Amino acid sequence: MWITCEDISCNVGAYGDSIAITPNIDHLASEGIRFDNACSVAGVCSPSRAAIITGVYPTKIGAHNMRVNWFTPEGIDPYEVVAPDDIHCFTEYLRKEGYFCTNNYKTDYQFKAPFTAWDENGKQAHWRHRQEGQPFFSVFNIMTTHESMLWKNADHELIIPAEKVRVPAYFPDTKTVRNDIARNYANIFEMDQEVGKLLAQLEADGLMDNTIIFFYSDHGGPLPRQKREINNGGLQVPFIVRYPDQHGAGTTNDDLVSFLDLAPTVLDIAGIAPKKYMDGRIFLGQNKEEEPTYLFAARDRMDKQYDRSRAVRDKQFVYIKNYYPEKQWYMDVAYRKNIPMMREMLEMKEAGTLNDIQMQWFNPTKPAEQLFDFTEDPDEVHNLIDDPKYQAVADRMRKALDRWEQENVDLGATPEPEIYQEMWPNRERPSSGTVRWVYKEGKGFEIEHSKQGVSLGYQEIGAERWQIFTKAITFDQLGHYRAKGIHIGCEESPTTPSLKGDPLMTKNVKKLQVILEGQVISGKNPFKSLFIFSDKGQLLGQSNDKKFTFDAGENERITLAFVDEQELLIQDVSLNGNKKNQKNKFFNEPLRGK
């Protein structure tokens, strides 16, 4: 189970913040492992979540701009990222191995969540809806600490007096600033209560002893100069893992952990080999892979404001390369101006009442390079890039970024209109192609697709959920199925509408005539093709004509399988009887009847 929250840095008691009131998270840490160098790949949610669900750098797949499905610049319609053919949501691989996967409820992947990604995706999604004994992977996203709650929760109680909070050096020490910082702590407290409720549900279901629990935030803090930035304040997150046997309980781990590592690690825990295209590593367990020397992150367009920066982080320093030093460090994001302290800081800037450190963010230009020692300078206000004592550090981190850029595709260097045109030619969402049911000798009915990289699913008509397609439907799986496909960022393939009543009657089939003399079966076929199987699964015949006639031999029962592109109907027919020209009207009876 993943418990994720929004927009917080390590402002919880378990990380040594004496002001924070987080008893449930602290207790989870006391029974788990606290990771002290876990970071997002971006200081904002959509690129971060794209990396989490795919295991791939957002800069590699065009998911680096914030965001693509709204708040796009003039000339670019809202669109979705179209991933390369081999990249899928990692939860699909879990579903294929029988895991019940749920997400409650935020996605924000830079593309609509494919129907194949989750068994349940929404506010009611829960492990409790799985089949008895079925393994599960459940994600709960708690929105309470989101940036917007700094103003939406203005009427909630401030459980920590504003005068007790610490004001970072990059903020002016005013009543408004203190109030917003205190509001953030109050939101964190409320979020912690929700964490406690989820853990209580797990306990009530007797699952604490066989469930691995992750807790983390989707990126750093919500305040100005935190969110959307790629210095440590925007990247580092609280990250706790609790094992069922409390392995490593109460310990800390200082390994560098990236959000890219989540997908391969969860797959490995489930006994599934991580995909070669994934950029992360297995960071815990028996198959733990070597720790990297650096983590990398990116900042690009934010709403309608373009910029481009890249960051390299180790356990002490963060190096940032700014590709547009002629631009302000501060980006004039309209949404952020809802925060009271943001509006006040802009007013103070205009009035000339901010000091030099507070003005760093607002200066007309920014350094081409920045280097911060966040262990000695947690507010990251002292740029060490020109300090002779740190030239060796700057040089090695500069070279690390150069290597990373050489080894990885970075679409941040490509103008977004070109990315948009490549992904959505002529401003239209691309198609996922078509799918159809086909019979494979010795296997059964499989779904074929016309486009590479399409994820396939099927649904029995009348059922609520789409199943991810993993293996052929065999003759003995009686029912009425429909199929469709989806490629990340594309339109779903066409599928038949859910039919009401008797599906074959809807197709104008009146009857199936059974002539017992010689066991000849004849009737009308409304579908593209028809297959007939013996009671032992032997294929007796196939017809692509509107009318069909088969010799059923000595079989007392046969199975008919009607195939019409996305539809598949498998139905039993009993041949028992002693009247000449007996009529079997099974089409008029309930679908699951024989």
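Refer to the structure printed above.
Right, let's walk through the structure included here. Quantities reported herein were computed from a predicted structural model and do not represent experimental measurements.

### Observations regarding the overall build of the protein
Assigned secondary structure in the protein consists of 13 helices and 25 strands. Considering only C-alpha atoms, the protein reaches an extent of 100 × 55 × 45 Å along its principal axes. Put simply, the protein has 594 residues, and 58% of those count as buried. Counted over contacts in the protein with a minimum sequence separation of 6, partners at least 24 positions apart contribute 68%.

### Quick look at the sheet that holds strand β11 (residues 317-322)
An order of β9-β10-β11-β12 is seen for the four strands of this open sheet, with the pairing classed as antiparallel. With one partner strand each, in any of the chains shown, β9 (295-299) and β12 (369-373) form the two edges of the open sheet. Adjacent strand axes in the sheet meet at a mean angle of 15 degrees when their direction is disregarded. Judged from the five bridges that link them, strand β10 (residues 309-313) and β11 form a sheet pairing that is antiparallel. Bridge assignment links Ser-309 to a residue of β11, and that residue is Asn-322. Contacts between helix α11 (residues 391-407) and the sheet are confined to β9, β10, β11 and β12, with β11 contributing the most and set at about 60 degrees to the helix.

### Points about a positive patch on the surface
A surface patch of positive charge is lined by Lys-524, Lys-528, Lys-546 and Lys-547. As for its position among the elements, Lys-528 is in the loop between β19 (520-524) and β20 (529-533).

### Notes on the state of the cysteines
Enumeration over the complete set of coordinates arrives at zero disulfides. No disulfide involves Cys-5; its sulfur sits 10 Å from the nearest other cysteine sulfur, which is in Cys-10.

### Description of the sheet that holds strand β6 (residues 213-217)
Strand order in the open sheet formed by eight strands is β4-β3-β5-β1-β6-β7-β2-β8, with mixed pairing between adjacent strands. Of all strands in the sheet, those with a lone pairing partner are β4 (120-121) and β8 (251-258), marking the two edges. As paired strands, β6 and strand β7 (residues 239-242) are joined by four bridges and run antiparallel to one another. Across the sheet, the residue bridging to Phe-214 is Val-241, located in β7. Sitting on the sheet, helix α1 (residues 23-30) is in contact with β2 (33-39), β6 and β7, with an inclination near 55 degrees to β7. Contacts from helix α8 (residues 262-269) reach β1 (2-5), β5 (136-142), β6, β7 and β8, with the element oriented near 175 degrees to β6.

### Remarks on the pattern of salt bridges
By the definition in use, this model includes 40 salt bridges. The shortest N-O distance in the salt bridge between Lys-366 and Asp-307 comes to 2.9 Å. Taken together, the residues span a long stretch of sequence, with Lys-366 in the loop between α10 (356-359) and β12 and Asp-307 in the loop between β9 and β10 at a distance of 59 residues. We classify Lys-366 as buried; its relative accessible area is 5%. The buried category is assigned to Asp-307, whose relative accessible area is 3%.

### Notes on the packing of aromatic side chains
Here the distance between the centres and the angle between the planes together describe a pair of aromatic rings. Counted under the stated rule, the structure contains 39 aromatic pairs. When the centroid spacing of 5.3 Å and the interplanar angle of 70 degrees are considered together, the rings of Trp-151 and Tyr-335 count as edge-to-face. Of this pair, Trp-151 sits in helix α5 (residues 149-152) while Tyr-335 is found in the loop between β11 and α9 (340-351), placing the two residues 184 residues apart along the sequence. Residue Trp-151 is classed as partly exposed on the basis of its relative accessible area, which comes to 21%. For Tyr-335, a relative accessible area of 27% corresponds to the partly exposed category. Ring pairs connect the aromatic residues Trp-2, Phe-35, Phe-90, Trp-118, Phe-137, Phe-214, Tyr-216, Phe-239, Phe-259 and Phe-283, which therefore count as one cluster. Looking at Lys-123, its charged tip hangs above the ring of Tyr-105, at a distance of 5.2 Å from the centre. We note Arg-308 situated over the ring of Tyr-323; from NZ or CZ to the ring centre the distance is 4.0 Å.

Cut-off values and rules
Residues numbered from 1 in each chain as written. Predicted model: local features only at pLDDT ≥ 70, side-chain atom pairs only at ≥ 80, totals over all residues. Heavy atoms only, no water. Helix = DSSP H or I, 4+ residues; strand = E, 2+ residues; numbered from the N terminus. Buried < 20%, exposed > 50% of the residue type's maximum accessible area, 1.4 Å probe, protein only. Contact = heavy atoms within 4.5 Å. Pairing = 2+ DSSP bridges. Axes fitted to C-alpha atoms, helices over the stretch in contact; angles between N-to-C directions. Patch = residues over 30% accessible without salt bridge, like charges linked within 9 Å, V, L, I, M, F, W, Y side chains within 5 Å. Areas by Shrake-Rupley, 256 points an atom, 1.4 Å probe, with all protein chains shown as cover. Salt bridge = Lys/Arg side-chain N within 4 Å of Asp/Glu carboxyl O. Lys, Arg positive; Asp, Glu negative; His and termini not counted. Charge placed at Lys NZ, Arg CZ, Asp CG, Glu CD. Disulfide = S-S within 2.5 Å. Phe/Tyr/Trp six-rings, centres within 6.5 Å; stacked < 30°, edge-to-face > 60°. Lys NZ or Arg CZ within 6 Å of the ring centre and 35° of its normal.

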